[in-house]
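One letter stands for each residue in the lines below.
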Amino acid sequence: MQPAINFGAGPSMIPQEVLKEAQEQLLDFHGNGLSIMEASHRSSMYEDIHNAAIADIRELLSIPEDFEVLFLQGGASLQFAMIPLNLYKGGVIEFVDTGTWSSKAIQEAKILGYTTRVVASSKESTYNHIPTDIHFSAEADYAYITSNNTIYGTQYKTYPDAPTPLVVDASSDIFSYPIDWSKTSLLFAGAQKNAGPSGVTIVIIKKELLDRAKENTPTMLRYDIHAQNNSLYNTPPTFAIYLLGLTMKWIKAQGGVEAIRRYNEEKAALLYNTIDQSNGFYVGHALCDSRSLMNVSFNVRGKDKALEAKLLALAEEARMIGLKGHRSVGGLRASIYNAMRKEGVAALVDLMETFAKNHR
Ligand code: PMP
């Protein structure tokens, strides 16, 4: 059966090459007579995979020596609590609120009783843009942004400058552009969009931030413990890390993150051009200069729910799945992460153009 064209927001498409390689190796990993899933996390068979995945992440993102790469669990959501537990010094944490995931991060810091300040927000306009007037202060303990807003389809073109350590939730756009490490002190991402399957979270943290955890921080929630143990303090999600490692090799084979970025720009342009040239039949949620290359959220003429349902049904008939928009914005959302081929986007664009013609 032909694979479905999966526009889901995450877990999402994994490159076919990665899945096939995993399938070939599933029962017998390199003649060891067992699956990698069954191997001890202390075996050299697994440790080689673990270390190669870290080395490939470092290479792909040109990570400087003074940063650690960690594999953690609990999803990106656990980072909303782990970051303040490890970085807060008793002052204030500054946030830009660009949607649900930033709001949740703010909420977790508040639950801990820490002082938060929102320095810029697009909440008043249903998070349809990235604020331009962002001014972080020098007194804060750290600054926090969400680089790509998975639900609203907005994305920073460059990270803002912060006089304090900048923390970036890159869950939905990691490995789609090079990172400026002179601006970024901690970057994290759940793997399930651009880096592999769910179950593992990548945390890339500047070493000088490792000694800031408070005394009463539980062991498993301390970055320094995971760093000292090469993310093998306890049993890591070995199979997820194995698949993540295969995905890193796939990104390298595509030419790395710069080549991926160019390809993604072409993919996104196909969709945004269709929206812009539809004479208002399709309306994008994000303002033009904040548009995401990863998630394209849009409505059909006047937010017509019946038309949107019809388009979704036609898409499903053509095996295009995962296009229903998040309940907070409605409409449709096409997530076109790294693994989505241009042919998949072209198929959606064809459907949208025909649909618009037939319903004018
Ligand atoms: N941050 C962003 C930007 C996300 O898109 C998501 C999930 N869609 C999360 C955080 C939460 O990730 P998880 O489900 O791994 O906790």
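A few points on the structure. Note that the structure is predicted; figures quoted are calculated from it, not measured.

**Observations regarding the overall build of the protein chain**
Within the protein chain, the regular secondary structure consists of nine helices and 14 strands. At 21 Å, the protein chain has a C-alpha radius of gyration in line with the 21 Å of a compact globule built from 360 residues. Overall, the C-alpha framework of the protein chain stretches about 65 × 55 × 30 Å when taken along its three principal axes. Going through the 360 residues of the protein chain one by one, you find that 57% of them count as buried. Element-wise, carbon and sulfur atoms account for 51% of the exposed surface of the protein chain, whose accessible area totals about 15,400 Å². Side-chain charges in the protein chain split into 34 positive and 39 negative, and the spacing between the mean points of these groups amounts to 6 Å.

**Remarks on the pattern of salt bridges**
Applying the stated criterion across every chain yields a total of nine salt bridges. With its nearest N and O atoms 3.2 Å apart, the salt bridge here joins K252 to E59. Taken together, the residues K252 in helix 6 (residues 238-253) and E59 in helix 2 (residues 44-60) connect sequence positions 193 residues apart. Residue R291 pairs with D276 through a salt bridge whose shortest N-O separation is 2.8 Å. Highlighted residues: R291 in the loop between strand 11 (282-284) and strand 12 (295-300) and D276 in helix 7 (residues 256-276), separated in sequence by 15 residues. We classify R291 as buried; its relative accessible area is 13%. Connected via shared salt-bridge partners are D56, E59, K249 and K252.

**Some details on the site of the ligand**
The ligand sits among 13 residues. The nearest are S77, T150, D169, Q192 and K193. Separating an oxygen atom of the ligand from a side-chain N or O atom of W101 is a distance of 3.4 Å. A distance of 2.9 Å is found between a nitrogen atom of the ligand and a side-chain nitrogen or oxygen belonging to K193. When the ligand sits alone it has 400 Å² of accessible area, and the protein chains cover 84% of it. Top contributing element to the shell around the ligand by residue count: helix 3 (residues 75-87), with four residues. Residues belonging to the shell around the ligand are distributed by class as follows: three nonpolar, eight polar and two charged.

Definitions and limits used
- Residues numbered from 1 in each chain as written.
- Predicted model: local features only at pLDDT ≥ 70, side-chain atom pairs only at ≥ 80, totals over all residues.
- Heavy atoms only, no water.
- Helix = DSSP H or I, 4+ residues; strand = E, 2+ residues; numbered from the N terminus.
- Rg over C-alpha atoms; globule rule 2.2 N^0.38 Å.
- Buried < 20%, exposed > 50% of the residue type's maximum accessible area, 1.4 Å probe, protein only.
- Areas by Shrake-Rupley, 256 points an atom, 1.4 Å probe, with all protein chains shown as cover.
- Lys, Arg positive; Asp, Glu negative; His and termini not counted.
- Charge placed at Lys NZ, Arg CZ, Asp CG, Glu CD.
- Salt bridge = Lys/Arg side-chain N within 4 Å of Asp/Glu carboxyl O.
- Near = heavy atom within 4 Å.
- Polar contact = N/O pair within 3.5 Å; in protein donor to acceptor, adjacent residues only side chain to side chain.
- Nonpolar A, V, L, I, M, F, W, Y, C, P; charged D, E, K, R; others polar.

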